[in-house]
Amino acid sequence: MNTAPIRVLVVDDNPVVRAGLEAILELDDDIEVVGTAGDGGHAIELAERLHPDLVLMDVRMPLVDGVAAAGPLSRITRVLMLSYTEDGEVIRAAIRSGAVGYLTHGSFTADELVQAIRDAVTGRASPLSPAASRAVIEAIHNGPSSPRSDPAAARAGLGLSAREVDVMDLIAQGLSNGEIARALFLSEKTVKNHVNHIYAKLNVERRAAAIARWLGTTAYELERQGPW
């Protein structure tokens with residue numbers, strides 16, 4: 001059965017990068033680039049009018065940057081950051097603002113980019129490049145001290161089963177449900193059930209929030225105040 005293509009809005013202040021991303025994505029029959037923008041402000045205007053399935057957006061841009069735009073955009077659609085920036089604070093800020101994933105240029109192939117877009121749209125995974133995943137975890141570990149800053153203490157009393165602990169540890173490493181299933185020799189459906197139980201026990205709705213809760217830092221408190 002034919003399904004509608006994923007409608008993507010590409011946002012980057014470099015016209016060469018925009019054109020390159022558009023060309024790559026248009027090669028896939030399952031993806032349609034419905035518009036492009038050179039700054040976050042224009043991206044918000046286009047998203048309100050076009051309602052894309054996903055915004056693929058750079059961080060460093062003039063006028064309104066990607067981090068500032070991620071909040072308003074995430075209330076319209078899903079936002080996947082794509083940048084050269086690997087600064088942990090920037091990555092954390094982007095995710096807190098509502099981005100569902102963060103990819104760094106040079107860390108993926110064209111096919112992997114397309115798959116990351118599919119995963120982000122379907123909610124199967126929160127795409128993170130290896131460097132971005134490490135930066136997120138490092139930034140969370142180095143966050144302000146608080147009663148939640150001890151990961152072991154934060155995990156105590158959460159009520160996760162031994163298998164759910166295994167799954168959550170792999171989630172914290174940035175693995176998708178399929179990758180977790182292969183690592184633990186489980187079906188993907190079983191992993192999805194474990195993930196749903198974990199979310200319920202941790203009182204979260206997103207992978208990034210679950211990681212923050214699991215690592216036991218003030219990032220979880222920040223998440224409860226707004227999109228994470």
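Note that the structure is a prediction, hence the values are computed from the model and not measured.

Enquirer: Where do I start with the environment of serine 107 in this structure?
Expert: For serine 107, the location among the structural elements is in the loop between strand S5 (101-104) and helix H5 (110-122). Serine 107 sits in the partly exposed class, given a relative accessible area of 30%.

Enquirer: Would you mind showing me how to read the sheet that holds strand S3 (residues 54-57) here?
Expert: The strands making up a sheet are joined through hydrogen bonds of the backbone, oriented either antiparallel or parallel. Strand order across the open sheet formed by 5 strands is S2-S1-S3-S4-S5, with parallel pairing between neighbours. Pairing within the sheet leaves two strands with one partner each, and these edge strands are strand S2 (31-37) and S5. Going from strand to strand, the sheet's axes swing by 25° on average, the running direction of each strand aside. Across 4 bridges, the pairing between strand S1 (residues 6-11) and S3 is parallel. Bridge pairing in S3 links valine 10 to leucine 56. Packed onto the sheet, helix H2 (residues 40-50) meets S1 and S2 and runs at close to 135° relative to S2.

Enquirer: Can you walk me through the pairing of strand S4 (residues 78-83) in this structure?
Expert: When a strand is regular, its side chains alternate between the sheet's two faces. Across the 6 residues of S4, 5 count as buried, placing the element largely inside the fold. Sheet topology places S3 next to S4; 4 bridges connect them, and they run parallel. Looking across to S4, one finds that valine 55 is bridged to valine 79. As for the winding sense of the linkage, the β-α-β connection from S3 through helix H3 (residues 66-74) to S4 is right-handed. Looking at chain direction, S4 and S5 are connected through 4 bridges and run parallel. Within S5, the position partnered with leucine 80 by the bridge is glycine 101. At this point the chain moves from S4, through helix H4 (residues 88-96), to the parallel S5, and the crossover so formed is right-handed.

Conventions adopted
Residues numbered from 1 in each chain as written. Predicted model: local features only at pLDDT ≥ 70, side-chain atom pairs only at ≥ 80, totals over all residues. Heavy atoms only, no water. Helix = DSSP H or I, 4+ residues; strand = E, 2+ residues; numbered from the N terminus. Buried < 20%, exposed > 50% of the residue type's maximum accessible area, 1.4 Å probe, protein only. Pairing = 2+ DSSP bridges. Axes fitted to C-alpha atoms, helices over the stretch in contact; angles between N-to-C directions. Contact = heavy atoms within 4.5 Å. Right-handed = clockwise from strand over helix to strand, strands pointing away.

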